[in-house]
Amino acid sequence: WDYWPDGDFTQVFSLTEYASTNRLAEHWSNRNTGISVKTLQNQFGQGSTTSRSCLGVITCDNDSCKVVIRPQTHTNRIPSQLVECQCGELLRHRKCTVKARIHKFTSGVYYEHRGVHDHPKPARLLHLTPPEQDKLHDLISSNPKSGPLALLVGVPTLYGPGQSAAEISSVLANQDRLKAERRAVKTGQSSGGDRFVAEFSQFCKEHPDLTIRPHLHVATVITIQSEFMASQLIKDTLVINPSDPVEGIVSDAAHGFWQERNHLLIVSSVYSPLLHCWVPGIMSFSNGASAEHYQHHFHTLFERMADQARKRSITLEFHHFSGVVDFSEAQRLGFIEAFVDFWSTTSGHTHSTREELRKAAQKLLRGCREHFRANVTRISRIDAVVPHDSATAFKSQTNALLEAPDSKTFLELASALLKSFPKVAPWLSWWLKEEHASMLFTSQRKMSEFIWDLIPETTNAEEAMHWKLYSAVGRNHTLLEGLQALSKVADYYQRLVSNVLVGNPIRYGRPEPWKATKKTIGRTKPSREPGRQKLFKNDGRPPDTLRELVQQRKKIQKTRAYTQSGTPNVQPMHKHIKKIKIVVKKPGLPVIMRDFDDFASRFISLPSTSPLQALLQHFLHHQQHMQLQDLDGEPLTAWLANEHLIQLGPADASGDLVRSYFQHSYVQMRTCSGLPNTNSADPQVCPDRHYQIEPAIRTYFFAKLGAELHQEFSGDLAAYLSTHLPIDRIPPSPRGAACWRSLAGQDTCGGVSHMKRFYLTMPILLNVKLDTDERLPHWSLPATVCPWQSVQTLSNDPKKPGPPLSDLSDITYDLVARIFGSGEGGHFVVRLLSDSGTVLFYDDLNNGGRVQEIQGSTSKTHLAGLDKDLMPSPWSSHYALYHLRGGLKAQQRILEHQSALLQSYQLAVSQSHPGAAPHVDLMPDSLFEEMPFKDWWWIEDRSCSTSRKREFIFKGATPAPRTSLDTQNPLGADHPFPSHQLHNSQSSSLSSPPPSPMPMDCRCGTKGDGNIASLSNGLPVIQCSQCERWSHIACQRNGAASSITALQQWLCYICDIRGTLMLRCVLLMLLQSLNSLLDYLLLSSPGKGALACYREFYYPVRLLAKIVPPEKQGIVRWRVRWWRHSIFPSDATLPPPGDSQIAESNIVDELWNDRDKRREIRLGRWLHAHEILKDEELLYNTHQYPYTDEINNILSPHVDLLQRILLQGFQSFPDLPACRYSIDAAKSNQQNFEAERRGMVPFYGGLDIAEQGQIVNWIVSHIPEAEGTREKWQGSAMNAHAATLVIAYRRRFDIQDDPTYPKHLDGAELEVYSLKRAWEYQRNDEEDRFQVDVDHECLTLFEERLFERSREAGIAGWYQWGLDAGEHQESWDPYAGLPSHWNHGDFYPDNEDEVLKVSIALFITFSAYLYLL
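Draft legend 1. Quick look at the pattern of salt bridges. A full pass over the atoms with the stated rule returns 33 salt bridges. Here glutamate 181 and arginine 177 are joined by a salt bridge, their closest N and O atoms 3.0 Å apart. Here glutamate 181 and its partner arginine 177 are both found in helix H4 (residues 175-187), four residues apart, which amounts to about one turn of the helix. Linking glutamate 1144 and lysine 1106 is a salt bridge whose minimum nitrogen-to-oxygen distance equals 3.8 Å. Taken together, the residues span a long stretch of sequence, with glutamate 1144 in the loop between strand E46 (1139-1143) and strand E47 (1147-1148) and lysine 1106 in strand E43 (residues 1097-1107) at a distance of 38 residues. Take glutamate 1144: its relative accessible area is 24%, and that puts it in the partly exposed class. For lysine 1106, a relative accessible area of 22% corresponds to the partly exposed category. Counted as one network, the salt bridges with shared partners bring together Arg366, Arg369, Glu370, Arg373, Glu403 and Glu457.

Have a look at this one:
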C-alpha cells in the first residue's frame, strides 16, 4: 500500500491488509464522509462505504517559496490558515478534485480511486507506516529509560548518541508526537480486564513454581518465591557472629517499584552463608499498606518456612520467625496476626488462647534503630521543639535510651530528657509505649537476649536490597512487567548459587569487603570521616544557600553590635585580639581542667554502665584535643544540658562522689519562738521553742537567681552568697510570720515563725543561673567571692555548746566563665578565664568559631562586673561559673564548719561516705525530742502521713491547746449533706490570710503566701521538692500524689511537665502485677473521680480527703466535691455550694470490669465534661459570670477612666501600669512580643476564669461603647487595668503592711503607689495562667473509664449501667453523644441474648426520653 495513492485505479484488500495499513491511511489531506453499517454484508455495495475528498494544499504566491501547508480537515477553518507567509507573500488554497471510496464487506475491502493530484505533497505527515512503527517500537523497547528528547537527539550508547527517532520518519521530528508514541508503546504493555487474566495465567504457566498463593481480593497480594529463595528461610545451624549479626528475617516495603504509587513491593530477606550476602526470601506485590496486606505476606512466608522445615526434618520453633521490621503499625500488626493464624491452624501445635500467641509474636520482633535515629535527627532540627544549640545534646541523650542497662536507668534517662526538652513529650510517649519500646530499647525488650544479639538492629540490609532491585530491573513497573522483572531477579540468585556450587567465582577478592574496612577504621566507607567538610567551590555566584545566608547575616549583625559606642571594654577587646591555638568550646571545661586529675579520680569506682561515664568521656575527649585548632565541638549549651546526666547513675558512693563535684546541699528548717508562757528551751541555748526540718537533704546543681533576689540584694551576687551560705547570716523575715500550727485559720501557737535554709556542702563547680528577662536589671558578678570572710560565728561564744569553728575566711570562689545570650535564635557567646589569667572570648559565628584572647585582660576588667560594661545590648548574662579553690579539701572544711554551726540547734550532721548527701538528726543528748505525727493535732487528716517535715519540741514542753471545732453531722451519719460545710478551696486566691512562710500554689488556682491550713481549707497538702510550693493532694491529676510517702521526691505541675508521661509508665507497670491491690486502693486516692449516692441515683464527685474517726471507731467518710453541672431531681433538697462529707459506703468507683455491680447502679443526670465550654469560650459568654457586688463596688468609681482608655487608646495614659506596659511592648522588636505589640496584656495576677468573666461582664454592662467592640478591648490594657484595680483592693492590706509603704504621701500619690504594687502582684502571679479546672479534668478522666467500650473494659463496658436496677434519672441516656474515641471498636459481645437485651433497654430509654421531650 502506497500512502500517496494517485491516478485512476481500483483494488481489493483483505481485512487483514486493511487493518495492517491503518485502514488504508493516506498522507494526503482528506475529508471523510460515508455510511456506516453495523454488520458486514456479502456485497460491497451493500456494506459500509467511506468517501474521501482531497482538500489540496496551501502554497505561497512566491514561486521560489517552498512552503506547502496541509489544510485542516474542517473546511471552515481553512481561511484562518490563509495568512501572510514567512517570506512576506500571501498564502493561497489550491483545491483538488480527487476522490476515493472504500467499500467494506465480508470478503474484504474494495478501494476505488479517481483523479490525479495536480499539486505538490504537503510537508507535514500524519501516519507511520508499519515498518516505521516496528522500528520505533524496537527503539523504545531497547531504551526504556530514554525520554522523548533523548530519542529525538539520539539514544545513548557507549560511544555517544546513537540512532534518532527522527531518522525513522519525519513524523517523529515533533517531540510531542514522539512523546505520545512513546507513551502508547509503554502503556501498551499494561493490561486489564480479560487480557490481564489471560496474561497473568500465561505468566503462572511459564513459572509454575514461582507464584505462591496469590490472593486476589480487596487486599491483593501476589507472592514470588523460587525454590532457592525458599531453601534459605530455614538454616540447619545458627550463624553466630556478635560483631555482625546476620540471623533472622529482615522485612520492609519498597515504594517506588510499581508504577501505581499506592502499590508496594514487600520483601523479606535472609542472609545466605553460601553467597555471603542477603538474599530475598520472599517478594510480594501488594496493592496497599494495611495490616491485612502484610498479614497475607507474612502468612505465606510462614507457610513456606513450614514446608522447608518438613522437607528437611527440622523442628519449627518460635525463634525461627524472629526478625527486624520498621515501626509501621501495619507491619507489626500484620506480622502478629499472621503468626497467630499460622500457629492456630498448625496441626500438632496447641496453645490455650490466641492472646498468648500474640504475646509470643511481639517477643519475636525487633525494631529498626536506624529509623529511630533518623527520627531523632528529624526532631532535633525543629527549633521550636529542640533549641538549635541543644540539638547535639538532645541526640546524645535520646540515643542513650537505646542501651540503658535496666528499666530504672531507662526511666531516669527518659525523665532527664523530658526535663531538658519538655516539648518532645508527645513524641517520646509514642516511643515509650510498651509495644514500641520492647522492639527498640535494650532495657525494655521482651525478646530472648540470645536471639536479640543474633539478629541485626536495623533494616539496612533490606534497604540495600531495594537499591539492588532498582539498579537491576528499574522502577515504575506495571504489574505483569514487574512480576517478570522479579522472576529475573529470582533467576539471578539461582544462577549465582549454581556457579558457586561448581566452583565458578562470582566476585573477585573477599566477600563483603566493607566489613573488614569497618573493623579497621570503624566505618564502612573511608569517605565518611566524622567532621570532614566538603571543599567549597566558588563559581562566582552570590551566597544562595541557607548556611551562607544565615551565617552571613548573623556575622554582620554581631560585628555591628560589638562596635557600638558606649561599651568601654568591647572596643579595646577587638583592637587587641589575637588568635591562639587553644580551642575551648565548653564553659565547664576550663573549670574542670584546673583540677582534672581530681575530677577524673571520682569516676574510678563508677560502673562502666553508669550514665555518668558519658560525662567523663565528654570531658576526656576535649582534654585530649585541646590543641586541635579545627576541633568542631558541640554548641556551648550542650554541656549545660548534661546537668541531667549528672543527676543519674547509681545512688551509692561511686555516683555520689561524682555528683558532689557539681551539687550543693542544704537542709530546710522553719523555727518558731512558741508561746511565751509555755515551757521552752533555754534561750541562751536555742532561741526557738519548736522547729521542723525536712527528712531528706535537698540537692541542686544550679544556684538560680530571679527578680525577687535581685531586688533584695540590689543585684550584688557577693552579697547574696555571703548572706545565704553561712547560717549566721540568714536575716529574719521583715515582719513576724504566724506559726504553722493553725487550725481552720485560727492561730493556736502565737509564736513567730521563720524559714531558714542551711547549706551543708558546696560544689567545686558553682553554676549560677541568672534570670534572662531583659526587662529586669542585671547582676553584678564579682571576680572572687569569699562568703565566710567576715562572719562572726555564734558558736564560738563560750556560753553556747559546740566545738570551736575553723576559720573559713580563706574559702574563695573564682569567676572563670560567663555565658551571654542575646535572645536571638538561641545564640550564645562566652568569656573564659585562661590558665595565664587573661580572658578568652568565643563566638561560633566569628573568627571561624575559634577562641580569641583579649590582650591585657584580667578577670576583674573583662569578666566581672555588670553586663552593660562587658557586652552591648541586648546581650545579658545567662550563666556564670565559679571554681572553688582547694577542691575536695575545701569542700570537707565547709561541711565541718556548717555541721558545727547546726549543733546550736541540737542537731548532728553525718555523712556515710565522701560525697554523700549529709544526714541531719538530733544529737544523742539533745534537749529536744521528735513529736510523733499522730500528735500533730493541727492536721485535719492524719490517717496517712503526707508531711515532708519532722517536728522537734523541747522535752517536757506543753503543747498549745487545740481549738475545738464542731464537725459532727446532726442530720445523721448516712446523710450526704452535713450541716457544717467546709470552705470551698476554689474561692478567690487573692484573699489575705494570716501570714506564714509556707507558699501555696496549687493547680486549682489557690495561691498565696498565707497560712497553709487556711488556704488549703482543711485539705491534705503536699510540698514540691523543687520549688517548695504547696499543693492540694486532691487537685493532682488522677490522684497522682495520693501514694507519695514522706521520704519520696514529688514535683508540682509546673516543675514536673513530664508527670503525665512518667505516671503512665509507672501505672502500666503496676497494672501488670498489682491489679488486685490497685482495685483495693481505688477509694484511697484523693483527686480521683467517683460516684456518690443521693437518694436512689449516683452522681459524679471528686474525692478530696478521707476522714477516719479517732481510733477508727465510727463511720469512715470522704470529703468530696459534687460535679457542678449535676442535675438533681427538682423535688430534692439541693446540696449547698462547696464540699460535703459522705459515708464511704455511699461511694463507688468506676467499677471497672464489674458487670454485676454496674447493672445495680442508676445514674443521675449531669452534663458530660466534653459538653462544657472551654475557658476562652466562656469569656465570650459573659452571662455565665454575673459580676458580684464586690466587683461593682471596686470598679464603679473608675467607670469614666475605663471609658476614656477605651475611646482614646492606652497611649494617652502612660502613668497607668497596664498602659505603660502596652506602650513599651509596642516599641519592642522581639518576636515573642508580637501579641503585646498589638495591645494585648497577658497578666491577670491570679484571677481565675470566673473572676475575669465577672470583670468583662461588668465592663459590658457599664460602658456603652464596650458591647459591640469586645474584640478591640478584651484582653487589652483597659481590661488589664480593671484587673489591677481589683487586685489593688484585695491586696490592700499586704501593700499597707509592707515596710516600704510611703505613709507620708497624700491620697493621690498613695493611689499611684498602690496601683504600681498591685501591678507587680499582677505580673509576678503570671504562672496562674496555668490554672487547671481540676473538677473538669477529673470528670473527663473518670467518664472515659465509666463509658469506655473496649476489649479491656470487656462486657462491663457494653451499656451495663442500671440494666438490673431500672431507668436512670428522668430516662436519661448517659451514652448519647459520647466522644467516638471512647469506643475502641475491638469488642463485641459473644452472647446474642446480651446484645438483644441491651438493644431493647436502649430503645425503651430512647422512647421514654422522646416522650418527655
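That was the structure; now back to the text.
Draft legend 2. Up close: the packing of helix H38 (residues 1217-1227) against helix H42 (residues 1277-1290). At a minimum axis distance of 8 Å, the contact between H38 and H42 shows a crossing angle of 145 degrees. Seen along the crossing, H38 lies across H42 with a hand that is right-handed. Residues Ala1218, Cys1219 and Ser1222 of H38 lie in contact with H42, whose contacting residues are Ala1277, Ala1280 and His1281. The residue inventory of the contact of H38 with H42, partitioned by class, reads four nonpolar, two polar and no charged.

Draft legend 3. The arrangement of the nonpolar core in detail. In terms of nonpolar packing, the biggest core is built from 86 residues, with Leu265, Phe302, Phe321, Phe339, Phe394, Trp427 and Phe441 touching the most fellow members. Sort the elements by how many residues they give to this core and helix H17 (residues 479-501) lands first, with nine residues. Apart from residues lying up to four places away in sequence, leucine 265 is in contact with Asp252, Ala253, Ala254, Phe257, Trp258, Met283, Ser284, Leu469 and Leu486. Residues Leu765, Trp779, Trp788 and Trp875 belong to the second largest nonpolar core, which totals 53 residues.

Draft legend 4. Quick look at helix H40 (residues 1249-1262). The end-to-end C-alpha distance of H40 is 20 Å, a good match for the 20 Å that 14 residues give at a rise of 1.5 Å each. H40 sits mainly inside the fold: 11 of its 14 residues count as buried. Within H40 the residues assigned to the buried category are Ile1249, Glu1251, Gln1252, Gly1253, Gln1254, Ile1255, Val1256, Asn1257, Trp1258, Ile1259 and Val1260.

Draft legend 5. Fine view of unusual backbone geometry. In this structure, asparagine 1153 is a non-glycine residue whose phi angle is positive, near 65 degrees. Mapping asparagine 1153 onto the fold places it in the loop between E47 and helix H34 (1155-1159). You will see that tyrosine 1359, though not glycine, has its phi angle at about 50 degrees, which is positive. Within the element layout of this structure, tyrosine 1359 appears in the loop between helix H45 (1334-1347) and helix H46 (1392-1412).

Draft legend 6. Quick look at the sheet that holds strand E7 (residues 99-105). Read across the sheet, five strands follow the order E1-E8-E7-E3-E2 without closing on themselves; strand pairing throughout is antiparallel. The two strands at the open ends of the sheet, each matched to only one other strand, are strand E1 (9-13) and strand E2 (30-35). Strand-to-strand, the axes of this sheet are offset by a mean angle of 15 degrees, without reference to chain direction.

Draft legend 7. Spatial organisation of the packing of aromatic side chains. One pass over the full model with this rule turns up 44 aromatic pairs. Where phenylalanine 298 meets phenylalanine 335, the ring centres are 5.3 Å apart and the plane angle is 80 degrees; that geometry is what we call edge-to-face. Here phenylalanine 298, found in helix H7 (residues 291-311), pairs with phenylalanine 335, found in helix H8 (residues 329-345); they are 37 residues apart in sequence, far enough to count as distant. Assessed through its relative accessible area of 1%, phenylalanine 298 is described here as buried. Centroid distance phenylalanine 372 to tryptophan 431: 4.9 Å. Interplanar angle 85 degrees. Geometry classified as edge-to-face. Placement of the pair is phenylalanine 372 in helix H10 (residues 369-380) and tryptophan 431 in helix H13 (residues 425-431), with a sequence separation of 59 residues. Since its relative accessible area comes to 0%, phenylalanine 372 is described here as buried. When its relative accessible area of 5% is taken as the criterion, tryptophan 431 is described as buried. Taken together, the ring pairs in this structure connect Tyr294, Phe298, Phe302, Phe318, Phe321, Phe335, Phe339, Phe342 and Trp343 into an aromatic cluster.

Draft legend 8. Structural detail: the packing of H10 against helix H11 (residues 391-399). The interhelical angle for the contact between H10 and H11, taken along N-to-C directions, is 150 degrees, at an axis separation of 9 Å. Regarding the angle of H10 to H11, the classification is roughly antiparallel. Crossing of H10 against H11: the hand is right-handed. When H10 is examined against H11, the residues Phe372, Arg373, Val376, Thr377, Ile379 and Ser380 are found in contact with a partner set consisting of Ala391, Phe394, Lys395, Thr398 and Asn399.

Draft legend 9. Here's a closer look at the confidence of the model for the protein. Confidence in the prediction for the protein averages 75 pLDDT; 72% of positions are at 70 or higher. Note that pLDDT drops below 50 for residues 728-735; the model gives that stretch 20 contacts with residues more than four away or on any other chain. Here residues 960-997 scores under 50 on pLDDT; set against residues more than four positions off or in separate chains, the count is 107 contacts.

Criteria and thresholds
Residues numbered from 1 in each chain as written. Predicted model: local features only at pLDDT ≥ 70, side-chain atom pairs only at ≥ 80, totals over all residues. Heavy atoms only, no water. Salt bridge = Lys/Arg side-chain N within 4 Å of Asp/Glu carboxyl O. Helix = DSSP H or I, 4+ residues; strand = E, 2+ residues; numbered from the N terminus. Buried < 20%, exposed > 50% of the residue type's maximum accessible area, 1.4 Å probe, protein only. Axes fitted to C-alpha atoms, helices over the stretch in contact; angles between N-to-C directions. Left-handed = near helix turned anticlockwise from the far one by under 90°. Contact = heavy atoms within 4.5 Å. Nonpolar A, V, L, I, M, F, W, Y, C, P; charged D, E, K, R; others polar. Core = buried A, V, L, I, M, F, W, Y, C linked by side-chain atoms within 4.5 Å. Expected span 1.5 Å × (residues − 1). Pairing = 2+ DSSP bridges. Phe/Tyr/Trp six-rings, centres within 6.5 Å; stacked < 30°, edge-to-face > 60°. Parallel < 35°, antiparallel > 145°, perpendicular 65-115°, else oblique. pLDDT = per-residue confidence, 0-100.

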